[in-house]
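Okay, here's what each chain looks like letter by letter:
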Amino acid sequence: MSASRAELFAFLDAHGVAHATLEHAAVFRVGEAAPALEALPGGHSKNLFLEDHRGALWLISALQSTRIDLKALPAVIGSGRLSFGKPARLEEALGVAPGSVTALALINDSARRVGFILDKALGDADPVNFHPLENTATTSLSQAGFRAFLAALGVEPVIVDFAGLTSPYP
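Note that the coordinates shown come from a computational prediction; the quantities given were computed from them, not determined experimentally.

Novice: Could you give an account of the side chain of K46, with specific residues and numbers?
Specialist: Its place among the elements puts K46 in strand 2 (residues 43-52). Notably, K46 is buried but unbridged: the nearest opposite-charge side chain belongs to D119, and the N-O separation is 7.8 Å. Among the polar contacts listed, one links the side chain of K46 to the backbone oxygen of T66, at a separation of 2.4 Å.

Below is the structure:
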């Protein structure tokens, strides 16, 4: 069973992670919420749910302006060829629907089947902003709070510097 937004917030509170949430209209793509989010400082995230041809699952959280080269990434993370995960796999693994993909959904991955890739640029941002399991709000956490959230889950991110990543393929 997937955590609700209230359960996510209770988990953050229980682990001493301060958070603030801004409600807004539903957004499905990076940039759609830009006018509503201008008041929120820090790194705004984009999140991609991927699977490789061997069935391994991956979640990338990156700064919204980061260019992600999916052809170059497998060599860095040791995966097979990557493609976007199907909505049913997303729902099963992270308990969220397309458009609501977020690092905070790792709370629903109790089996730790999803490898977590954190963009170095987002890892350097403070605070960081994610959907709280649904795309009708954005939640801000300090970088230290975000790392405490991951540690409480037992998730060790793979940090990737996408700015320096280039594909060997045209």
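Novice: Describe the side chain of N47, listing the residues and the values that go with them.
Specialist: Summarising the element assignment, N47 is placed in strand 2. Judged by its relative accessible area of 14%, N47 falls in the buried class. At 3.1 Å, the side chain of N47 forms a polar contact with the side chain of S45. Looking at N47, its side chain comes within polar contact range of the side chain of S61, at 2.5 Å. Setting aside its immediate chain neighbours within four residues, N47 contacts L59, I60, S61, V101, T102, A103 and F130.

Novice: An account of the nonpolar core is needed here, citing residue identities and associated values.
Specialist: Grouped together as the largest cluster of nonpolar side chains are 33 residues, with contacts concentrated most on L94, L106, F116, F146 and F149. Those elements giving two or more residues to this core turn out to be helix 1 (5-14), strand 3 (57-63), helix 4 (87-94), strand 5 (114-119), strand 6 (128-130) and helix 6 (143-153). Counting 14 residues, the second largest nonpolar core, distinct from the first, contains L50, I77, I117 and L165.

Here is what the cut-offs are and how they apply
Every chain is numbered on its own, with residues counted from 1 as its sequence reads. A pLDDT threshold of at least 70 governs which residues receive local features in this predicted model, and a stricter bar of 80 or more applies before side-chain atom pairs are shown or counted, although totals over entire chains, interfaces and linings include all residues. Side-chain numbers here rest on the full set of heavy atoms in the structure, without hydrogens or water. Only runs of H or I of at least four residues qualify as helices and only runs of E of at least two qualify as strands under DSSP, and these elements are numbered from the N terminus. Buried means the residue's accessible area, taken with a 1.4 Å probe over protein chains only, is under 20% of the maximum for its type, while exposed means over 50%, and partly exposed covers the values in between. Within this scheme the basic residues Lys and Arg register as positive and the acidic residues Asp and Glu register as negative, but His and the chain ends are omitted. Any Lys or Arg side-chain nitrogen found within 4 Å of a carboxyl oxygen on Asp or Glu counts as a salt bridge. Whenever two N or O atoms come within 3.5 Å, that pair is a polar contact, provided that in protein one can donate a hydrogen and the other can accept it, and provided that, for residues adjacent in sequence, both atoms are side-chain atoms. Note on definitions: a residue-residue contact is assigned when non-hydrogen atoms from the two residues lie within 4.5 Å. We define the nonpolar core as a collection of buried residues of types Ala, Val, Leu, Ile, Met, Phe, Trp, Tyr and Cys that are connected through side-chain atoms lying within 4.5 Å of one another.

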